[in-house]
Amino acid sequence: MYRIFVGLVLGLSALATPRLAAQSAEDREAVRLAVLDYVEGFYEGDTTRLVRSVWPEVRKYGYWRAKPDAPYAGEAMPFHEFMSYANGVRAGRNKTPAGAPKEITLFDVQDQTASAKLVAWWGTDYLLLAKEKGRWTIVQVLWQSPPPK
């Protein structure tokens, strides 16, 4: 029985090692910073942060509700709308609520791809990132406004 237990532990350790090696602290922090640039780019109206963290051909699609009792509607947001929204924040047309959340959860960080979750004032974003020329960028976002309470 002891040999089976030791064999199982060693086998599981061998399976976990490649994944842990791929999730370097450096890459995890770079992915976290890309997501932070994304949310703060929207919150602060900082297009430089959005350009730094988002792939220009990003695919962002989400579900939102016009009123709490309305059904969800789907909508795409191309990169140029990221810039337009951020410019609106800077100009005072779009407002970020006081105390707006920016909770980042990293799900998986490999050497080339990563996935994360962001809870922001507009809802929840699920992000896919890729490392391009040594820099982590957001390539896909699926989001929804906050669910009914």
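Owing to the predicted nature of the structure, the values given are computational and were not obtained by experimental measurement.

Conventions we followed
- Residues numbered from 1 in each chain as written.
- Predicted model: local features only at pLDDT ≥ 70, side-chain atom pairs only at ≥ 80, totals over all residues.
- Heavy atoms only, no water.
- Helix = DSSP H or I, 4+ residues; strand = E, 2+ residues; numbered from the N terminus.
- Buried < 20%, exposed > 50% of the residue type's maximum accessible area, 1.4 Å probe, protein only.
- Contact = heavy atoms within 4.5 Å.
- Phe/Tyr/Trp six-rings, centres within 6.5 Å; stacked < 30°, edge-to-face > 60°.
- Patch = residues over 30% accessible without salt bridge, like charges linked within 9 Å, V, L, I, M, F, W, Y side chains within 5 Å.
- Areas by Shrake-Rupley, 256 points an atom, 1.4 Å probe, with all protein chains shown as cover.
- Salt bridge = Lys/Arg side-chain N within 4 Å of Asp/Glu carboxyl O.
- Polar contact = N/O pair within 3.5 Å; in protein donor to acceptor, adjacent residues only side chain to side chain.
- Axes fitted to C-alpha atoms, helices over the stretch in contact; angles between N-to-C directions.
- Parallel < 35°, antiparallel > 145°, perpendicular 65-115°, else oblique.
- Nonpolar A, V, L, I, M, F, W, Y, C, P; charged D, E, K, R; others polar.

Draft legend 1. Here's a closer look at the overall build of the protein chain. In terms of regular secondary structure, the protein chain is built from 4 helices and 6 strands. Looking at the 149 residues of the protein chain, the share that counts as buried comes to 36%. Restricting the contact set of the protein chain to residue pairs at least 6 apart, pairs at least 24 apart contribute 53%.

Draft legend 2. Molecular detail of the packing of aromatic side chains. With the rule as written, the count across this model stands at 9 aromatic pairs. With 5.7 Å between their ring centres and 80° between their planes, Tyr43 and Trp122 make a pair best called edge-to-face. Here Tyr43 is found in helix H2 (residues 25-44), whereas its partner Trp122 is found in the loop between strand E4 (113-120) and strand E5 (123-132), with 79 residues between them in sequence. Just as Tyr43 is buried, Trp122 falls in that class too. Here the aromatic rings of Tyr61 and Tyr63 are separated by 5.4 Å at their centres, their planes lie at 75°, and the arrangement is edge-to-face. For Tyr61, a relative accessible area of 34% corresponds to the partly exposed category.

Draft legend 3. How the structure looks around a nonpolar patch on the surface. A contiguous nonpolar patch, built from Tyr61, Tyr63, Tyr72, Phe107, Tyr126 and Leu142 and spanning about 580 Å² of accessible area, is present on the exposed surface. Tracing the sequence through the fold places Tyr61 in strand E1 (residues 54-64).

Draft legend 4. Summary view of the side chain of Lys60. Among the secondary structure elements, Lys60 is positioned in strand E1. The exposure class assigned to Lys60 is buried, which follows from its relative accessible area of 6%. At 2.9 Å, the side chain of Lys60 forms a polar contact with the side chain of Tyr38. Dropping the residues within four chain positions of it, Lys60 is found in contact with Tyr38, Phe42, Glu75, Ala76, Met77, Phe82, Asp125, Val141 and Trp143.

Draft legend 5. Seen up close, the packing of H2 against helix H4 (residues 79-91). Put simply, H2 and H4 touch, their axes get as near as 7 Å, and they point 50° apart. One element, H2, and the other, H4, form an angle in the oblique class. The residues of H4 that touch H2, namely those facing Tyr38, Gly41, Phe42, Tyr43 and Glu44, are Phe82, Tyr85, Ala86 and Val89. Class assignment of the residues belonging to the contact of H2 with H4 gives a composition of 7 nonpolar, 1 polar and 1 charged.

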